[in-house]
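# Survey of secondary and tertiary structure
Here is what each chain is made of, one letter per residue.
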Amino acid sequence: MKYTDVSLAPADGGKQFVRVQRVIEHFPGLRTFVFRADGERTKTLAPQRAGNYIAITADVGGSRVTRAYTLASSPKEAESGIYISTVKKAGILSSYLVDEVKEGDVLEVSRPAGRFVYERGKDCAHVTGVAGGAGITSMLSMAKAAEEGSENYRMTLFFCVKNAYEFLFRDVLDGMKSGRVQVVYVVESDAPDFAESGVFTRELLHKYVNEATTLFACGGNELYGHILRELAGDGSVRGMKFSQNSVTDREDDRMFSLSVHLAGREYVIPTRASETLMVAMERAGLGALSQCRVGECGFCRSTVTAGRYSVHPEHDERSSEDVRRGIVHPCCTYPESDMEISVPQDPAAEVI
Ligand code: FES
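Residues numbered from 1 in each chain as written. Predicted model: local features only at pLDDT ≥ 70, side-chain atom pairs only at ≥ 80, totals over all residues. Heavy atoms only, no water.

## Points about the layout of surface pockets
As a volume, the second largest pocket reaches approximately 170 Å³. Phe 17, Arg 41, Thr 57, Ala 58, Asp 59, Arg 64, Tyr 96, Val 106, Leu 107 and Glu 108 together form the lining of the second largest pocket. Elements supplying a minimum of two residues to the lining of the second largest pocket: β3 (53-60) and β6 (106-110). A breakdown of the residues in the lining of the second largest pocket according to their chemical character gives five nonpolar, one polar and four charged. (1 Å grid on protein atoms, 1.4 Å probe; cavity = no way out; pocket = protein on both sides within 12 Å on 5 of 7 lines; lining within 4 Å. Points joined across faces, edges and corners; volume = space filled by probe spheres on them. Helix = DSSP H or I, 4+ residues; strand = E, 2+ residues; numbered from the N terminus. Nonpolar A, V, L, I, M, F, W, Y, C, P; charged D, E, K, R; others polar.)

## Let's talk about the sheet that holds β6
Here six strands make up an open sheet; going across it, the order is β4-β3-β6-β1-β2-β5 and the pairing antiparallel. The open sheet has two edge strands with one neighbour each: β4 (63-70) and β5 (83-88). Each neighbouring strand pair of the sheet contributes to a mean axis angle of 40 degrees, computed without reference to strand direction. With eight bridges connecting them, strand β1 (residues 15-27) and strand β2 (residues 30-37) associate as antiparallel partners. Paired with Val 23 across the two strands is Phe 33, which belongs to β2. Contacts from helix α2 (residues 91-100) reach β2, β3, β4, β5 and β6 within the one sheet, and its direction differs from that of β4 by about 80 degrees. (Pairing = 2+ DSSP bridges. Axes fitted to C-alpha atoms, helices over the stretch in contact; angles between N-to-C directions. Contact = heavy atoms within 4.5 Å.)

## A closer look at the pairing of strand β9 (residues 181-187)
Most of β9 sits inside the fold, with five of its seven residues counted as buried. Bridge count between β9 and strand β10 (residues 195-197): three bridges; the pairing is parallel. Counted as the bridge partner of Tyr 185 is Ala 195 from β10. (Buried < 20%, exposed > 50% of the residue type's maximum accessible area, 1.4 Å probe, protein only.)

## Points about empty space enclosed by the protein
Scanning the entire structure with this criterion turns up one cavity of 30 Å³ or more. Roughly 30 Å³ of internal volume is contained in the largest cavity. Considering the residues around the largest cavity, the lining is formed by Arg 64, Thr 66, Glu 282, Leu 286, Gly 287, Ala 288 and Asp 346.

## Observations regarding the domain arrangement of the chain
One widely used convention gives an interface's size as the accessible area the parts lose upon coming together. For the chain, the domain assignment lists domain 1 (15-110), domain 2 (126-242) and domain 3 (255-342). Averaged C-alpha coordinates put domain 1 and domain 3 at centres separated by 26 Å. Counting residues at the interface gives 10 residues for domain 1, matched by 10 residues for domain 3. Taken together, the connections running from domain 1 to domain 3 amount to one salt bridge. The partner of Glu 282 in a salt bridge is Arg 67, with the nearest N and O atoms 3.2 Å apart. Of all the secondary structure elements, the ones that give two or more residues to the side of domain 1 that touches domain 3 are β3 and β4. Looking at the side of domain 1 that touches domain 3, the element that brings in the most residues is β4, giving six residues. (Domains from an automatic or database assignment. Salt bridge = Lys/Arg side-chain N within 4 Å of Asp/Glu carboxyl O.)

## With respect to the pairing of β4
Of the pairings in the sheet, the one linking β3 to β4 comprises eight bridges and is antiparallel in character. Considered in β4, the bridge of Asp 59 is made with Arg 64. Hairpin geometry of β3 and β4 is characterised by an intervening segment of two residues between the two adjacent antiparallel strands and by a positive phi of about 55 degrees at Gly 61.

So this is what it looks like as structure tokens:
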């Protein structure tokens, strides 16, 4: 059998190597990392846009694991040689990063990427950001970009949390004095003096924004549904962009067999119907290429040659031609039977 499909990734997988320069613990289980180029395999960091993510890859417990993390750094900070990302302990890689990675360690990361960015000429000159809890990282990056002038918009940021202690980076936000960024702190209850009490609403939006605006939101489906209901029919909001959520496991006890063609070899591994094909390959220690993990980048683009599958409906971004040809993104595809698949190899991974 001949496999001809390749992923959309560059030949080196878009890899960079960064050294952890600083670790800041906000509270147990939540840390911010400052990364610099390691100076050996990577001399200078690739440019970043506000709202981009990087994918971090590490070997954890015998599995080669990749996850995407949004950047809190700005384009100018990246240009000056640092990326900043905040990681919450949850799942295998984030737990490893929070519990075990320390200053001086070297990590493999992707180049910054992602479509959750301002589009000049298409988006309004004013941007409304709505951040729910940990969703502040990409919004912070966008606010910094407005403040430093690397992006050409003005921004009103609604930073919405349940409890006031969740206002991370308040010192950075309060230090923005250019007049291009307005920050509105919102707490569900027991609001301190500097914050609005309640949640983001249409009334709250118009208390602070009275011009045409493009809305960017980051923080999860519950927040996105709320925003869509609140702003239905609101003519001043000319467009909305929602940051992609991670692909989650589903409830399903079935077990299947997955035959993986990778780097000229065939591996037969078990796969759970509850997890994506990518997670099954990671669990088996196979070096399959991935980056965004939400069906967006195409790095993991693979060919199914046998078996049935389903694709997470929120993350199916394949062209109709790819759908017709049985091309899938394993990062958001679940098995529905035993399967056979041909996948691109991560160039930095060892073939086992
Ligand atoms: S890793 Fe980006 S599409 Fe699968």
